[in-house]
2 protein chains.
Amino acid sequence: METAYLPTPRTTPTRYRERAHYDREIVHRILDEALICHLGYVSAGRPVVLPTTHARLGETLYLHGSTGSGPMLAAKAGSGLPVCVTATLVEALVLARSALHHSLAYRSVVVVGDARLVEDPAEKLRALHSLLDHIASGRAADCRPPNARELAATAVLALDLVEVSAKVRTGGPADEPEDCTLPHWAGVVPLSLTAGTPVPADDLDPATPAPPYLTRYNR
Amino acid sequence: METAYLPTPRTTPTRYRERAHYDREIVHRILDEALICHLGYVSAGRPVVLPTTHARLGETLYLHGSTGSGPMLAAKAGSGLPVCVTATLVEALVLARSALHHSLAYRSVVVVGDARLVEDPAEKLRALHSLLDHIASGRAADCRPPNARELAATAVLALDLVEVSAKVRTGGPADEPEDCTLPHWAGVVPLSLTAGTPVPADDLDPATPAPPYLTRYNR
């Protein structure tokens, strides 16, 4: 397999082309690190964007939802649902001396393609397993697996990673040379997602210790 | 003005209707707190979802971009660009005893409508000012304002807050009663966006102190 995705017109940005990346490893890392993504599809000719969790297994991205949810009904109605899945990690504020050079440092991935409803029961179980482990690695093996009723009420979408691009903006501000003597502070403010101490459910036996994959949670 | 947005078929979820909110104050708070949103539009019949920053001024949401960027070109070509703008704040992992009751605690807003390109120079300047203050409150007054060339290269989209809904999921896991005796830990892991110490740009005079709106940054 090639180490990079092939750029297409749809995955080639019109601006800041130097920020575009097609390397599989860069793409995989962003998808795996992002807790959620935003799923876009078209309904009655208009765009719909919904937040959802995702999981990557090799070169396939999985999403899930109730069989009665909008995107799952749309996917059932056709043969492959045209989607755009975007995952974004914001890493810093970038403050320049001039208003329009302000920016964010970020890493994002855009995947476009036709998503298919997963029909194979084994693939569906694998996908649900990985969706759970995406949230907290190790959790899928440490909970009650789905039963037949729950599986019937849950739909899984699969999207092959074929038309894919990453966009990465790192570093500090890029001010115009003549602005550098202005008195305004310039630089970056790093941002990070921090996990707090696990809070047990009200109905949990207080003797039950929180598992290490939660007490040392980190993305 | 009514204190709530009027639900429409497009802003009424098919599932978990009890999580839907239309209160303006709830919606405003989520939009103001979210650093970025995801903008969805339709290009050649297919969905496109891009991360971008936004700012709310009263009942209008503003987005900006290069005049040469995809959504700005699409908006220029028509009279109002059909968009869906979604902003999501993830607040906790929710771990249940059963796989399919796992969830996230989150607050999100979905705005649908036809966005218009802002033509009025005064409105455009106000929008750019608010986009900067959305990133860091107080920054717009503490940098060089855009000049004529920069303004000409930047397009601003306005989307009136008319068809709007929020979705809020709070609290702990909701396990089936018969699962509560299972040995798995259940509860929540709080997540928060944390700002680090401001890092000055390489070309900044080290005597320049970081402004308080950055040293005490918090969303």
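The structure we're discussing is the one just above.
Residues numbered from 1 in each chain as written. Chains lettered and ligands numbered in written order. Predicted model: local features only at pLDDT ≥ 70, side-chain atom pairs only at ≥ 80, totals over all residues. Heavy atoms only, no water.

### With respect to the pairing of strand 6 (residues 103–117) of chain B
Residue and element names in this part refer to chain B.
- The element strand 6 is extensively covered by neighbouring structure, given that 13 of its 15 residues are classed as buried.
- Bridging between strand 5 (residues 81–95) and strand 6 involves 13 bridges; their strand directions are antiparallel. By the bridge assignment for strand 6, Val-90 is matched with Tyr-106.
- Across seven bridges, the pairing between strand 6 and strand 8 (residues 163–169) is antiparallel. Residue pairing across strands places Val-109 opposite Ala-166, the latter belonging to strand 8. (Buried < 20%, exposed > 50% of the residue type's maximum accessible area, 1.4 Å probe, protein only. Helix = DSSP H or I, 4+ residues; strand = E, 2+ residues; numbered from the N terminus. Pairing = 2+ DSSP bridges.)

### Some thoughts on the packing of aromatic side chains
- A full pass over the atoms with the stated rule returns zero aromatic pairs over all chains.
- Against the face of Tyr-16 of chain A rests Arg-19 of chain A, its NZ or CZ located 3.7 Å from the ring centre. (Phe/Tyr/Trp six-rings, centres within 6.5 Å; stacked < 30°, edge-to-face > 60°. Lys NZ or Arg CZ within 6 Å of the ring centre and 35° of its normal.)

### Some words on the interface of chain A and chain B
- The interface of chain A with chain B comprises 85 residues on the first partner and 85 residues on the second.
- Between chain A and chain B, roughly 6800 Å² of surface is buried when both sides are summed, and carbon and sulfur atoms account for 66% of that area.
- It is Arg-46, Leu-100 and Trp-185 of chain A in chain A that bury the most area against chain B; as a group they hold 12% of the surface buried on that side.
- In this assembly, chain A and chain B are joined by six salt bridges.
- Where Asp-114 of chain A meets Arg-46 of chain B, a salt bridge forms, and the shortest distance between an N and an O atom there is 2.8 Å.
- Counting across the chain A and chain B interface gives 34 residue pairs in polar contact (both at pLDDT 80 or more).
- For the side of chain A that touches chain B, the secondary structure elements donating two or more residues are strand 2 (36–43), strand 3 (46–57), strand 5 (81–95), strand 6 (103–117), helix 3 (121–135), helix 4 (148–152), strand 9 (187–195) and strand 10 (199–200) of chain A.
- Looking at the side of chain A that touches chain B element by element, the count peaks at nine residues for strand 9 of chain A.
- Within the side of chain A that touches chain B, the residues separate by chemical class into 49 nonpolar, 23 polar and 13 charged.
- Bridging between strand 10 of chain A and strand 9 (residues 187–195) of chain B involves two bridges; their strand directions are antiparallel. Note on strand 9 of chain B: the bridge partner recorded for Val-199 of chain A is Val-188 of chain B. (Contact = heavy atoms within 4.5 Å. Buried area = accessible area lost by both parts, 1.4 Å probe. Salt bridge = Lys/Arg side-chain N within 4 Å of Asp/Glu carboxyl O. Polar contact = N/O pair within 3.5 Å; in protein donor to acceptor, adjacent residues only side chain to side chain. Nonpolar A, V, L, I, M, F, W, Y, C, P; charged D, E, K, R; others polar.)

### Some details on the pattern of salt bridges
- What the rule picks out here adds up to 26 salt bridges over all chains.
- With a shortest N-O distance of 3.1 Å, Glu-25 of chain B and Arg-29 of chain B are connected by a salt bridge. Pair noted here: Glu-25 of chain B and Arg-29 of chain B are both in helix 1 (residues 24–33), with a separation of four residues, about one helical turn.
- Among the residues examined, Arg-29 of chain B registers a relative accessible area of 47% and is labelled partly exposed.
- For Arg-139 of chain B, the salt bridge is made with Asp-142 of chain B, and the minimal N-O distance between the two is 3.8 Å.
- On the basis of relative accessible area, Arg-139 of chain B is assigned to the buried category, the value being 0%.
- When salt bridges that share partners are traced, they join Glu-33, Glu-91 and Arg-107 of chain A into one network.

### Observations regarding the pairing of strand 7 (residues 154–160) of chain A
Residues and elements named next belong to chain A.
- Within strand 7, six of the seven residues are buried, which leaves the element mostly enclosed by the surrounding structure.
- Across seven bridges, the pairing between strand 4 (residues 60–66) and strand 7 is antiparallel. If you follow Thr-60 over to strand 7, its bridge partner there is Asp-160.
- Pairing of strand 6 with strand 7, which is carried by two bridges, proceeds in the antiparallel orientation. Among the inter-strand pairings, Leu-117 is bridged to a residue of strand 7, identified as Leu-157.

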